[in-house]
Amino acid sequence: MHVKMNDDAFLKKGFQISTDQNLLDFEMIYKYLSEDSYWAKAVPAETLKKAIENSFCFGVYKQNIQVGLGRVVTDKATFAYICDVFILPGYRGLGLSKWLIQTIMEHPELQGLRRWSLATADAHGLYSQFGFTQVSRPERWMEKFKPYIPLKKEEE
């Protein structure tokens, strides 16, 4: 790992990261992902609820108000897929995304994994600081992609 964020510096400023799913602000998460993100626009609320329930989620909080999220899909033994990483606009530029990724990668339940993966259109600089590179053998990877289709609003 090339980056080392100081946990105490964030804690002293009133920030914390927690994996307690009871603290997650679903409405804020849903609003951001379904309306503002490029990767999950129009995600149905029920789909997102199910995804969160079945993932290892890391909430970022400022004085108990959620300001970010990182979701990890994992078996906690061999593989982890990092997704739905965001910090709300008003809290960007403070190093929170680096602190979040560091916290995820250092979590005791995620040590010794053989493979970590993620997909990003614009945060290569962030993830490369943690050792992520382009897929080394893309010819071995396959996908089946089905984008979310926005629900049409009924005509008035």
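Reference entry: report on the structure contained in this document.

In terms of regular secondary structure, the chain is built from 5 helices and 5 strands. Beginning at the N terminus, the succession of helices and strands in the chain can be written as α-β-α-α-β-β-β-α-β-α. C-alpha extents for the chain along the principal axes are approximately 55 × 45 × 25 Å. Long-range pairs, those at least 24 residues apart, make up 64% of the contacts in the chain between residues at least 6 apart in sequence. Carbon together with sulfur atoms contributes 51% to the accessible area of the chain, which is approximately 10,600 Å² in total. Averaging the positions of the 20 positive and the 19 negative side-chain charges in the chain gives two centres separated by 6 Å.

Attention shifts here to a positive patch on the surface. Taken together, Arg114, Arg115, Arg137 and Arg140 make up a surface patch of like positive charges. Note that Arg137 resides in the segment after helix H5 (124-128).

This part is about the environment of Ile104. Within the fold, Ile104 resides in helix H4 (residues 96-106). Classification of Ile104 by relative accessible area gives buried; the value is 0%. Residues Ile104 and Val72 lie 32 residues apart in sequence; the distance between their C-alpha atoms is 8.2 Å.

A word on the packing of helix H2 (residues 26-36) against helix H3 (residues 45-53). The interhelical angle for the contact between H2 and H3, taken along N-to-C directions, is 120 degrees, at an axis separation of 11 Å. Considering the angle they form, H2 stands oblique to H3. Crossing of H2 against H3: the hand is right-handed. Residue-level inspection shows Phe26, Ile29, Tyr30 and Leu33 of H2 in contact with H3, the latter providing Ala45, Leu48, Lys49 and Ile52. Residue composition of the contact of H2 with H3, grouped by class: 7 nonpolar, no polar and 1 charged.

Criteria and cut-off values
Residues numbered from 1 in each chain as written. Predicted model: local features only at pLDDT ≥ 70, side-chain atom pairs only at ≥ 80, totals over all residues. Heavy atoms only, no water. Helix = DSSP H or I, 4+ residues; strand = E, 2+ residues; numbered from the N terminus. Contact = heavy atoms within 4.5 Å. Areas by Shrake-Rupley, 256 points an atom, 1.4 Å probe, with all protein chains shown as cover. Lys, Arg positive; Asp, Glu negative; His and termini not counted. Charge placed at Lys NZ, Arg CZ, Asp CG, Glu CD. Patch = residues over 30% accessible without salt bridge, like charges linked within 9 Å, V, L, I, M, F, W, Y side chains within 5 Å. Salt bridge = Lys/Arg side-chain N within 4 Å of Asp/Glu carboxyl O. Buried < 20%, exposed > 50% of the residue type's maximum accessible area, 1.4 Å probe, protein only. Axes fitted to C-alpha atoms, helices over the stretch in contact; angles between N-to-C directions. Parallel < 35°, antiparallel > 145°, perpendicular 65-115°, else oblique. Left-handed = near helix turned anticlockwise from the far one by under 90°. Nonpolar A, V, L, I, M, F, W, Y, C, P; charged D, E, K, R; others polar.

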